[in-house]
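Chains, contacts and geometry: an overview
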Amino acid sequence: MISVVSAVRDLARLREISTVLVRHGFGEIVARAGFGRPRKPKPEEPETKALPADTTDVDPGAEIEIAPEVVVQGEAEKKRAATAERIRLVLQDLGPCFIKLGQIASTRTDVIPLDIILELKKLQDDVPAVPYEEIKKVIETSFGKPIDKLYKRFDEKPLATASIGQVHRATLETADGDVEVVVKVQRPNVGNLVVRDVELLHIMAAAVEATIPESKIYSPVGLVQQFDRSITAELNYLIEAENCDRFAANFLGDPNIRFPKAYREATSKQVLTLEFFDGKKLNQAVAEGYDAKLIAKKSVGIIIRQAFEHGFFHADPHPGNIIILGTKEDPVVGLIDVGMVGRLSPELRDRTIDLLMAAVRNDPYGVADALYAIGRPTRKVDMREYRAEVALLAEKYLGKPLKEIDLAAMLRDLIQGAMKYGIEIPPDFMMIGKTLMTLDGIGKELDPDLDIFGEATPFFTELLMKRYSPQRIGNELMRGVEQLSRAGYDMPLQLREVLDDLRLGRLAIRAPDPALALATERLGRRVFSGLFVAALTFGGAYLMKGEDKIAGALFLVFGVIVWAGHALLDWRRGSRPV
C-alpha cells in the first residue's frame, strides 16, 4: 500500500499524519494500512530523544519511517487515555481540515459509538488569528480594488476566528446608506491545504477499509465522501450567501426569526459580507433575563418549519450560531453561520413525520415501519424480527411522558437497530437527526420542562392534514392520470414498432443464462481432455502391440496423468470427475 501512497504529491504531510497517529497510540493502524513503519534507532541515537520540531524535511522517494521515540510516546498514551479521547486529540493536532472531519463525524450516530461521538462534539476551532495584512491582501485580490474603496471602515482586529476563515466588523456604504456588517474572510491558501488533506483522506480511508476489515463498520470511505461534499460547499462563500437569501425568503413576514442579509456587491468565493446582528449570544441573553422558555419554544417551531415545511434547514444550530434580538418580552431568534445546511425531499419529510408521529402515539410497529421506509435495505430483512427488535428498543422511551423522552438517545438506538438488520439510513436523515438532537439539548438547557414532542405535535398534525388535504390528493390523482394518459398515448406506437420488427425479422428474444458461459467452457475443456487422453491411450496401445513397448508405456502413463490432473481440477472447481 505504501507504493500507492508514495505517489501522493505531499509526502511530508502524510508523514506528519502518520507520526501524529502513532504518537497518540494508533501505531497498529498505521502499520496495517501501510502508511509507515517504525525506524530502528541508530547506535548513537538515544531512545528518549525529543521529537524534531521540523517534520517537513522529507525525501519524496523515501519510505515513511516513524521515529522510535514517537512509538514509545504512543504506547504511553494508550495507557493514559481512552480511545475516544485519543481520536479527538489526533484530529486537533492535525489542524482545520481534520477538525471539520471530526465535527461532521459527530453527526453519524448510526456508525460511530457514543463515547467517540461525545468526544468529537468537544472539537472546537481554536486557531490563532491571521495578521490583518494577509486578510487585506485576500480581500483586495478577490475584488481587484483597495479595501478602502470597498468598505468605509474595516476593523483590523478580528471579531472571531475559525479554521476556514475569520470575521471582522466593518461599515459598508450602500445605496440605502451606511450599514454595519461583518466580513468573513477565508484564510490565505486554506483552499489548497484543504484540497491536499481531502485527497490524502480519500486514499487513507480506502487503504484502511482494504487492509483493516473490521473498520468497515465505521464506513471510513463514506465519512470522507460526506466530509468532502460538506467542506467543498463551505469553501465557497457564494453558496452561504445563497443560503441566507433562501432562508430569508422562506421566513418572509415571520417576526420571530431573522437571517443576516448578504451584500452581494462585497461577496465573493473567499469573502462574505453579511448584515451585523446587534444582539446577544444565547447564553448571555438568558443570563440578562430574556424569557428562556419562550426562546426555546420559538426555536423548536423555527427548526421544525425549516425541516418539515420547507425541506431546507440549518444543520448546525448550536448556541454559538444563535443571536437573540428584540426585547426581553418578545425575543427574536437570529440564526447565523448558515454554511452547513440540510435538505429533505418531500418523500423523506413524510417518512420522518410518520416516524415522529408514531413515537408520539407510542406505536413501536409504526416506528419500525417508518424507519424501514426511510432507509434502504442492503439485504433481505426479516420484518417480524426487526419489528420485535424496535419494539424492545422503544420500550425504554415510548412508555414515558413525552417531555421525559431523550430524543437523542431514542434516535441513536433506533438507527443502530436498523443498521443491525442491514437497513442503510440516508445521510440527509442523519443530518436532521443530529439537528433535532442539538435542538433537544439546547431546549432542555433553556427549559428543563420543555416537551419538544408536545411543541412539535401541532406542526406535524398540520403537515399531516396538508398531506391528506383534498388539494394534495387531487394533485396526486391528476399526476397519476397524466402518467396513465401518457402511457396510453405511447403504447400503440411502441406496439407498432414491435410488430414491425417481428414482420421484418429484426425481433430477437434473449434469455441470458449466467451459468451458460461457464458450462460451455467446462464442456469444451472436457471434450479436449477426452480427445487428448484417447489419443494417448490409442497411441500407447499401438506402440505396446509393436516392438516399442517402452514408448507405449510412457504414452499410457502420460494419458493416466492427464486424466487424473483433469479430474482433480474439475473436482476443485466443484464438479465430479467424469
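Residues numbered from 1 in each chain as written. Predicted model: local features only at pLDDT ≥ 70, side-chain atom pairs only at ≥ 80, totals over all residues. Heavy atoms only, no water.

**Structural notes on the pattern of salt bridges**
Enumeration over the complete set of coordinates arrives at 19 salt bridges. Put simply, Lys184 and Glu240 hold a salt bridge, and the shortest N to O gap is 3.1 Å. Placement of Lys184 in strand S6 (residues 177–186) and of Glu240 in helix H12 (residues 237–250) is noted, with a sequence separation of 56 residues between them. Take Lys184 and Glu240: they sit in the same class, and that class is buried. Glu309 is the salt-bridge partner of Arg305, the closest N and O atoms lying 3.3 Å from each other. Of this pair, Arg305 and Glu309 both sit in helix H14 (residues 292–310), 4 residues apart, which is roughly one turn of that helix. Here Glu309 falls in the partly exposed class, since its relative accessible area comes to 34%. (Salt bridge = Lys/Arg side-chain N within 4 Å of Asp/Glu carboxyl O. Helix = DSSP H or I, 4+ residues; strand = E, 2+ residues; numbered from the N terminus. Buried < 20%, exposed > 50% of the residue type's maximum accessible area, 1.4 Å probe, protein only.)

**Observations regarding a nonpolar patch on the surface**
Nonpolar side chains collect at one region of the surface, where Leu495, Val498, Leu499, Leu502, Leu507 and Ile509 lie side by side and expose about 620 Å² of accessible area between them. Following the sequence through the fold, Val498 ends up in helix H21 (residues 470–503). Relative accessible area serves as the criterion here: at 42%, Val498 is assigned to the partly exposed category. (Patch = residues over 30% accessible without salt bridge, like charges linked within 9 Å, V, L, I, M, F, W, Y side chains within 5 Å. Areas by Shrake-Rupley, 256 points an atom, 1.4 Å probe, with all protein chains shown as cover.)

**Some details on helix H15 (residues 346–360)**
Look at H15: 21 Å from first C-alpha to last across 15 residues, which is about the 21 Å you get at 1.5 Å a residue. Three or more residues of H15 are buried, namely Leu348, Arg349, Asp350, Thr352, Ile353, Leu355, Leu356, Met357, Ala358 and Ala359. Positive phi appears at Asn362, one or two residues downstream of H15, with a value of about 60 degrees. (Expected span 1.5 Å × (residues − 1).)

**Focus on the side chain of Thr174**
Tracing the backbone through its elements, the reader meets Thr174 in strand S5 (residues 165–174). Thr174 has contacts with Val179, Tyr263 and Glu265, leaving out every residue within four places of it along the chain. (Contact = heavy atoms within 4.5 Å.)

**Re the packing of H14 against helix H19 (residues 427–446)**
When two helices pack together, you describe them by how their axes are tilted relative to each other and by the distance separating the axes. Orientation of H14 relative to H19, taken along the N-to-C sense of each, is 170 degrees, at an axis distance of 9 Å. As the angle between them shows, H14 and H19 are arranged roughly antiparallel. Touching Ala292, Ile295, Ala296, Ser299, Val300, Ile303, Ile304, Ala307 and Phe308 of H14 are Ile432, Thr435, Leu436, Leu439, Gly443 and Leu446, all from H19. Counted by class, the contact of H14 with H19 contains 12 nonpolar, 3 polar and no charged residues. (Axes fitted to C-alpha atoms, helices over the stretch in contact; angles between N-to-C directions. Parallel < 35°, antiparallel > 145°, perpendicular 65-115°, else oblique. Nonpolar A, V, L, I, M, F, W, Y, C, P; charged D, E, K, R; others polar.)

**Observations regarding the sheet that holds strand S9 (residues 280–281)**
What the 4 strands build is an open sheet, ordered S7-S12-S11-S9; its pairing is mixed. Whereas interior strands pair on both sides, the edge strands pair on one side only; in this sheet they are strand S7 (257–258) and S9. Pairing analysis gives 2 bridges linking S7 to strand S12 (residues 331–335), with the strands arranged parallel. Across the sheet, residue Arg258 finds its bridge partner in S12, namely Gly334. Contacts between H14 and the sheet are confined to S7, strand S11 (322–326) and S12, with S12 contributing the most and set at about 45 degrees to the helix. (Pairing = 2+ DSSP bridges.)

**Digging into the environment of Ile212**
As for its position among the elements, Ile212 is in the loop between helix H10 (190–211) and helix H11 (220–234). Sequence separation of Ile212 and Ile29 is 183 residues, and the distance between their C-alpha atoms is 7.9 Å.

**Quick look at the packing of aromatic side chains**
Per the stated rule, a full pass over the model turns up 6 aromatic pairs. For the ring pair Tyr151 and Phe154, a centre distance of 5.5 Å and an interplane angle of 50 degrees mean the geometry is tilted. Owing to a relative accessible area of 12%, Phe154 belongs among the buried residues under this scheme. Measuring from centroid to centroid gives 4.7 Å for Phe247 and Phe259, while their planes differ by 10 degrees, and the two rings are stacked. A residue pair is termed long-range when its members are at least 10 positions apart, and Phe247 in helix H12 and Phe259 in the loop between S7 and strand S8 (271–275) qualify at 12 residues. Both residues of the pair, Phe247 and Phe259, count as buried. Three or more aromatic residues link up through ring pairs in this structure, and these residues are Phe247, Phe251, Phe259 and Phe312. Positioned above the aromatic ring of Phe26, the side-chain terminus of Arg86 is 4.7 Å from the ring centre. Sitting over the face of the ring of Phe312, Arg246 holds its NZ or CZ atom 4.0 Å from the ring centroid. (Phe/Tyr/Trp six-rings, centres within 6.5 Å; stacked < 30°, edge-to-face > 60°. Lys NZ or Arg CZ within 6 Å of the ring centre and 35° of its normal.)

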